[in-house]
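# Breakdown of the fold
For reference, the chains in residue letters:
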Amino acid sequence: MTRTPARQRVTRADGRTVGVVRRRGHLSYCFHGCCCGRTDKGYAPAPVDTYKEEWTRRRLRNQVHLTKSGCLGPCTLNNVAHLVFDGHDTWFHSVNDPWLVVAIFEYIGAMLDADGALPVPPELVEYTFNYYTWDASGVAMAAPALVTPDLSGGLSGFALLTHADTDLLNLRAAQDTLPGDFGPVTGVALGGIRGEAQMGTLLAGAVGRAEVVLVRVHGKFGAVPGGELLREHARNAGQTLLIVSGTGEPDPELARLSFAPAHTLDTSLVYLAASGWPNMRELLLSLSDALRLTGYGAQPPLAQPEHGLYHPDLPEQATLADWARLRDPQRPAVGVLFYRAHALSGNTAFIDSLVTALDEAGADALPVFTTSLKDVDAAGDPKAFQFFAGEAASQTPLVSAVISTLSFAMADVQAGEITAPGENVSALSRLGVPVVQGLTLGGARGPWETSSRGLNPLDTAMNVALPEFDGRIIGVPFAFKEQESGEARRLVADPERTARLAGTTVRLARLRHKANFDKRLAFVFTNSAAKASQVGNAVGLDSAASLLRVLRALEEDGYDVGEHPLPESSDALMHRLIEGSNYDQTVMTPGQLARTAARIPGEVYARWFAELPASQQRRMREQWGPPPGAAYVHGGELCLAGLTFGKVFVALQPPRGYGLDPDAIYHTPDLPPTHHYAALYRWLRESPALGGFGADALVHVGKHGTLEWLPGKGVGLSENCFPDSLLGDLPLFYPFVINDPGEGTQAKRRAHATILDHLPPPLTRADTYGPLAELAALVDEYYQLELLDPGKLPLLQGQIWDLVQRADLGTDLGTLLRRDHGDHVHEWDESETEDGVPVTLTEMNGPDVAHLLEDIDGYLCELGAAQIRGGLHTLGQEPQGEQLPEMLRALTRLGNAGSGGAGVPGLHAGLAGVLGLDLGALLDAPGARLEAVPAPETSGRAEGTLQGADR
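Thresholds, definitions, all that
Residues numbered from 1 in each chain as written. Predicted model: local features only at pLDDT ≥ 70, side-chain atom pairs only at ≥ 80, totals over all residues. Heavy atoms only, no water. Buried < 20%, exposed > 50% of the residue type's maximum accessible area, 1.4 Å probe, protein only. Helix = DSSP H or I, 4+ residues; strand = E, 2+ residues; numbered from the N terminus. Contact = heavy atoms within 4.5 Å. Salt bridge = Lys/Arg side-chain N within 4 Å of Asp/Glu carboxyl O. pLDDT = per-residue confidence, 0-100. Axes fitted to C-alpha atoms, helices over the stretch in contact; angles between N-to-C directions. Parallel < 35°, antiparallel > 145°, perpendicular 65-115°, else oblique. Nonpolar A, V, L, I, M, F, W, Y, C, P; charged D, E, K, R; others polar. Patch = residues over 30% accessible without salt bridge, like charges linked within 9 Å, V, L, I, M, F, W, Y side chains within 5 Å. Areas by Shrake-Rupley, 256 points an atom, 1.4 Å probe, with all protein chains shown as cover. Lys, Arg positive; Asp, Glu negative; His and termini not counted. Charge placed at Lys NZ, Arg CZ, Asp CG, Glu CD. Pairing = 2+ DSSP bridges. Phe/Tyr/Trp six-rings, centres within 6.5 Å; stacked < 30°, edge-to-face > 60°. Lys NZ or Arg CZ within 6 Å of the ring centre and 35° of its normal.

Moving on, we come to helix α7 (residues 227–237). Where α7 is concerned, the buried positions are Gly227, Leu229, Leu230, Arg231, His233, Ala234 and Ala237. Elements in contact with the buried residues of α7: β8 (158–162), α5 (196–203), α6 (206–209), β10 (212–217), β11 (240–245) and α8 (252–257). Looking one or two residues beyond α7, the residue adopting positive phi is Gly238, at roughly 80°.

This part takes up the pattern of salt bridges. Tallied over the entire structure, the rule returns 36 salt bridges. The residue Asp176 makes a salt bridge to Arg172 at a minimum N-O spacing of 3.5 Å. Residue Asp176 is classed as exposed on the basis of its relative accessible area, which comes to 62%. Its relative accessible area of 34% is what places Arg172 among the partly exposed residues. Salt bridges sharing common partners tie together Glu496, Arg497, Arg500, Asp724 and Asp729.

Should pLDDT be low for a region, the predicted coordinates there are not to be read in detail. The predicted model of the chain has a mean per-residue pLDDT of 85, with 85% of residues at 70 or higher. Confidence drops under a pLDDT of 50 for residues 134–145, and excluding neighbours within four residues, the segment shows 11 contacts in the predicted structure. Segment residues 939–951: pLDDT under 50, and 16 contacts once partners within four positions in sequence are set aside and those in other chains are kept.

Bringing the packing of helix α22 (residues 602–610) against helix α23 (residues 614–624) into the picture now. The contact between α22 and α23 brings their axes to 9 Å, and the two run at 130°. If you check the angle between α22 and α23, you find them oblique. Judged by residue contacts, Tyr605, Phe609 and Ala610 of α22 engage Gln617, Met620 and Arg621 from α23. Per-class residue counts for the contact of α22 with α23 are 4 nonpolar, 1 polar and 1 charged.

Let us look at a positive patch on the surface. Side chains of Arg23, Lys52, Arg61 and Lys68 sit close together on the surface and give a patch of like positive charge. Within the element layout of this structure, Lys52 appears in helix α1 (residues 48–57).

An order of β9-β8-β10-β11 is seen for the 4 strands of this open sheet, with the pairing classed as parallel. What marks the edges here is a single partner per strand, and that holds for β9 (185–189) and β11. Within the sheet, the average angular offset between the axes of one strand and its neighbour, ignoring direction, is 15°. Contacts from helix α4 (residues 165–175) reach β8, β9 and β10 within the one sheet, and its direction differs from that of β9 by about 165°. Running at roughly 50° to β11, helix α9 (residues 262–274) makes contact with β10 and β11 of the sheet.

A separate point is the packing of α22 against helix α25 (residues 675–685). Two elements in contact, α22 and α25, have axes whose closest approach is 11 Å; the angle formed by their N-to-C orientations is 90°. What the angle tells us is that α22 and α25 run roughly perpendicular. Seen from α22, the contacting residues are Tyr605, Trp608 and Phe609; seen from α25, they are His675, Ala678, Ala679, Arg682 and Trp683. Looking at the contact of α22 with α25, its residues break down into 6 nonpolar, 1 polar and 1 charged.

On to unusual backbone geometry. Residue Pro628 is bonded to the preceding Pro627 through a cis peptide linkage, with omega at 10°. By secondary structure assignment, the location of Pro628 is in the loop between α23 and β21 (633–634). The residue after Lys703, namely His704, is reached through a cis peptide bond having omega -25°. Within the secondary structure, His704 is located in the loop between β25 (697–701) and α26 (722–727). A positive phi angle, near 55°, is found at Gln317, a position not held by glycine. Turning to its location among the elements, Gln317 is positioned in the loop between β12 (307–309) and α11 (320–326). You will see that Tyr583, though not glycine, has its phi angle at about 65°, which is positive. In this structure, Tyr583 sits in the loop between α20 (570–580) and α21 (590–594). Among the residues examined, Tyr583 registers a relative accessible area of 1% and is labelled buried.

Among the residues of α5, those classed as buried are Ala197, Gln198, Met199, Gly200 and Leu203. Residues of α5 that are buried sit in contact with β8, α6 and α7.

The next subject is the packing of aromatic side chains. One pass over the full model with this rule turns up 17 aromatic pairs. A centroid spacing of 6.2 Å and a plane angle of 40° characterise the contact between Phe350 and Phe478, whose relative ring orientation is tilted. With Phe350 in helix α13 (residues 349–361) and Phe478 in strand β17 (residues 473–482), this residue pair connects regions lying 128 residues apart in the sequence. As far as burial versus exposure is concerned, Phe350 and Phe478 are alike and both buried. A ring pair is formed by Trp683 and Phe693, whose centres lie 5.6 Å apart and whose planes are at 35°; its orientation type is tilted. Here Trp683 is found in helix α25, whereas its partner Phe693 is found in the loop between α25 and β25, with 10 residues between them in sequence. Of the residues examined, Phe693 reaches a relative accessible area of 4% and is grouped as buried. Each member of the aromatic cluster is reached from another via a ring pair, and the members are Phe158, Phe182 and Tyr296. Over the ring of Phe182 we find Arg292; its NZ or CZ atom is 4.8 Å from the centre of that ring. The ring of Trp448 carries Lys713 above its face, with NZ or CZ at 5.3 Å from the centroid.

Below is the structure:
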């Protein structure tokens, strides 16, 4: 029904009265000014045409006024739009992409449908700001009045509200096959409901008039916005309301909240678990017969395979034999894992795109759908792996790599506790191929593309953080949930990101097939400070010694490391590397620059530079000038420092910048890399035929380089992120100290790195030395004289105080005495007697002196037992000599915790148990004397306790 626009009579200044259309809203957008759309100044383009197109397409002329405007906001928030709706202001910033304009108009449309203002939808929240009111007014948007549905025509049809988009796809396909008199069928995505107002809008429409409402939720029903409003309406209107769990398991709480017979809830769970549009159709017919007494008749749930092979060029229920006829044995095969629900609902276009991308990258795809990787066989392997494993006798998998689009982890992650490696790691180890996580996001591409964060917290948790527990390599987002008008959301692949995911995976797969002698490897030493004295300064790792061991191991395994002997020692390796060239402009000579290991002609780099995204080219030009820049250029060529060993190149990572304050270089997250920096990584991955080195794999030697810290999204990178554009498809392996998972995660998520954890440097105890050691000996002597010759104690007290002063422990001593001793606290007077002894010490009686010595003894024990590094770790080499027992002692000091309270006690706890002592009490009062020492345990029990501690 077309509404006649309401008009407002207004008397103009000339006295004439006119009728003005009364509009609900006004949208102004920045069209011209000092920053909006000024790409010549480095600002993003403004999608001005989209505003007019959407406004015209939606026929909003009589409801929302549209205005091209000049400057609307500060240039730091360029491309601003201002929306006024029913008197409520909303300001949008950074409206740089057409999708944002469409989202704003979708928001306007939702408010028009609701006949009132609504909260800003989640996808737009991060693009809003309070321009004039800021946060000072505290004025909240009032909730609009809820509309009562018109039920004069009675209830009719079905409504399905679900968190699963595949349910809606199945519903859409099933609708066309239902009987003509079945009645209206409505599907609603629960994830799109943002508040009670929107639920009220749904209830005022088809959902509120449905005779049967089926709700399938993931999680708690209380988390559904407007859920109680839905129940209240169903109760008052007489609707049959079924609420079931998305997990497929019966849920007593959801059953209690439903207004439906229990057997219909069970029926719904069975059909929904079977999945597929035929089962959706039979579910609707079955519920109609049971609840509306229609008599259509329904078939039992059609059993669908839980796991199966899918390929766009093969028929349904194809077999491995069918796939083998498509297979080219000269190419690597890559497995692809995706959810069964996508296969049964026909939501497979994104998999088809991935299959095409893998084919173009030179691999044959083997897509397999599955319900979950937690569905395992008797050996603990996911049942989906049976399609990848190949013949048992050959023990060689059919695939050389796997792309998993599945969320979550195979293991049960213990939130807030230790999640021990278990069958998930073992199963992947038995499969024996790299597994790359292909990210499919729960939202549209637009918000991801313009977000500096990249993934939202939910996508990060489901598709990155949890899969990392399995040891999966983190790929890039390649598919996004998009929605066409009137249709359910589908996963749509982004061609460029799909090609990146396929390229990275195929290059990993090829490593399995290429002969070792033909592989070309690159090693990169950290060089963040660009100082010759700090080359290869990896945290806790002797990088030079480690590299030399790796080179020797490569030589033994048949890799080409050159005809000449490798350096005899790590020192010889480092001297040879630094003397060649080192990027240290304080010591490097023009002769060294001329003799660098690799040189890139300026015209070659200019071609490479022109292939970078336009935004990166602009930023690099603005910061570092036109290519090839000014740093490390000799004779018009970019010079790369490093050493060549046959088909192995050892490179120094170039500095991130030059000519700036060091803090500005290394602590400015948006500083683009230099031309020289970009040239190294492009040269490493470019084929020799095109002027590059042609590395098959790259190794960053130790924590940490700077590649993973370059500008770009935090997680879920795009082609406009520098780590992605510089590294490309090149596989990256990254030896990283095991006790810093946080920074290792940065490399995994932003540079698709395979982290190779290594031990921390050997640990040892600080011990006491010099005056501290003498002081400890005097305290021990004091305890002996206290029993044997008390007359010598005053002399010994003076000697102890002399050593306290020599060790500069006077301040520490005062602090120790002032702390609570349980039944008393000492007051500390820093004034001294003529003999230079603190007054507090001279006034102490015997018990006070005893407390003082206990405090000193406990403090010295703490200092001596403190853990410190005792050297550097070398890859492939356990701690040597005395370092080994010291390291084991350090590692076993604390208990080895396990899930559910299980675990192995630490060394100290084990020894305390043997001696019958309370370790907690000893730690609470270090240095305090024991009144009585319990008798040791029997030897048999003591031996068992010590063995447990050793473990």
